[in-house]
Amino acid sequence: MSAVRNITVPWVPLDEFDWSFARSGPIPWNLTVWSLLAVFTALPIWTTVELTVWVLYTFERWRGVYFWSVLCTTWGVTLHAVGFILKFCVPEANWIFATVLAEIGWVGMVTGFSIVLWSRLHLVLPSGTRTLRLVLAMIFVDAVLFHTPTIVFQFLVSNAPTHAHFLRHMEVTERVQVTAFSAQEILISALYVWGTLQLLRQSLSAKAKSTMAFLIAVQVLVVLADVLVITLDFLEFFTLKAVLHSFVYATKLQVEFVVLNEFKHIAQGGITGAGEPDGFMAFGNGNEKGNGSGGLDLDLPKSIGSAERSNSGTTMFTSAGGSSSSSGAARSDVSEAPNGYDEGPDALEAQYLGRYGGVV
């Protein structure tokens, strides 16, 4: 049996605890602080395990931008959380290793989630449109502009000899980047709500209105989470914000599946009560006949029910010329597109949700 050792650790009362960048190295002991760190680190890690299993089961074919961006964001959440917990709570941990882990996770978590949101825009905006290209360009430009200086200053303030000299630069950079990335996600989410509204503009049913209200409420909750993170940063609660950040993005990923499931009901014709109105279009991956724009490869399981599909993707739209689907109960046949793919909301459901759509 190993000998019991008595150790002395520095203790700081909660009202005197320094949450800011000014504190460096492992945090002193306070039961409340360490409990908060434990909770908001354990929850994102568990969410990563849950979402990884969920995604690997949901997508029958593991490929495509949406699939990989979801996985990248999911594991970025855990790397970010583990990196900071090593830096804050494990004195023996190498600070360079802990910082590398945290920053890799941060990039995958933040920019990865923006790619997830951009991929989702293909459900409500035609592939190859200028809006989609501009949004993607914005994501990459913001990644270079805000990730690069933040990572550099994070390493400089994590190193004891250079900590004090670059502290002020890190504080300013941190506030700018967290505001910029939050604004980026709000813009992409707003475009999604606008695009969904355009799809439902011909429907006056109560269900359509309640669905839009739900989608808007979800986006408002996401915005409020971003406001919380920004507020903690500006109030210099960096330590709390660092661990809470992973939890916020883990929650956003959970919400992502809620939003997609709601859109599934829209695409299945449950909004209008009689199938899609004339001109209703659930936009696919840019493989429509005659479209040379080379849209996003979101991929599709090889078979949905008894219908066989090609490996190259699917086209999901109802012709603007007026051929609308019959109601879900009455429709037993799925029309064939000229390129051999099945049209209609079933393809939309399968492309994004795989088996998930069939079990909820």
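Residues numbered from 1 in each chain as written. Predicted model: local features only at pLDDT ≥ 70, side-chain atom pairs only at ≥ 80, totals over all residues. Heavy atoms only, no water.

Participant: Report on the side chain of R23, specifying residues and quantitative values.
Facilitator: As for its position among the elements, R23 is in the segment before α1 (31–58). The side chain of R23 sits in the buried core without any salt bridge; D18 is the nearest counter-charge, 5.9 Å away. With sequence-adjacent residues up to four places away left out, R23 is seen in contact with D18, P28, F88, H163 and T239. (Helix = DSSP H or I, 4+ residues; strand = E, 2+ residues; numbered from the N terminus. Buried < 20%, exposed > 50% of the residue type's maximum accessible area, 1.4 Å probe, protein only. Lys, Arg positive; Asp, Glu negative; His and termini not counted. Salt bridge = Lys/Arg side-chain N within 4 Å of Asp/Glu carboxyl O. Contact = heavy atoms within 4.5 Å.)

Participant: Would you mind going over the environment of S114 in detail, with residue names and values included?
Facilitator: As for its position among the elements, S114 is in helix α3 (residues 95–121). Through-space distance from the C-alpha of S114 to that of I139 is 6.9 Å; in sequence the pair is 25 residues apart. Setting aside its immediate chain neighbours within four residues, S114 contacts I139, Q184, E185 and I188. At 2.7 Å, the side chain of S114 and the side chain of Q184 are in polar contact. (Polar contact = N/O pair within 3.5 Å; in protein donor to acceptor, adjacent residues only side chain to side chain.)

Participant: For the nonpolar core, give the residues involved together with the corresponding values.
Facilitator: In this structure, V55, L121, V124 and V135 are the most contacted members of the largest nonpolar core, which totals 41 residues. Of all elements in the fold, only α1, α2 (65–89), α3, α4 (130–158), α5 (160–199), α6 (206–234) and α7 (238–267) reach the threshold of two or more residues within this core. No other element matches the 9 residues that α3 contributes to this core. Among residues more than four places away in sequence, those in contact with V135 are W118, L121, I188 and L191. (Core = buried A, V, L, I, M, F, W, Y, C linked by side-chain atoms within 4.5 Å.)

Participant: Explain unusual backbone geometry to me, using residue names and the numbers behind them.
Facilitator: Located in the positive-phi region is E236, a residue other than glycine, with phi close to 65°. With respect to the element layout, E236 can be found in the loop between α6 and α7. By relative accessible area, E236 is classed as partly exposed at 38%.

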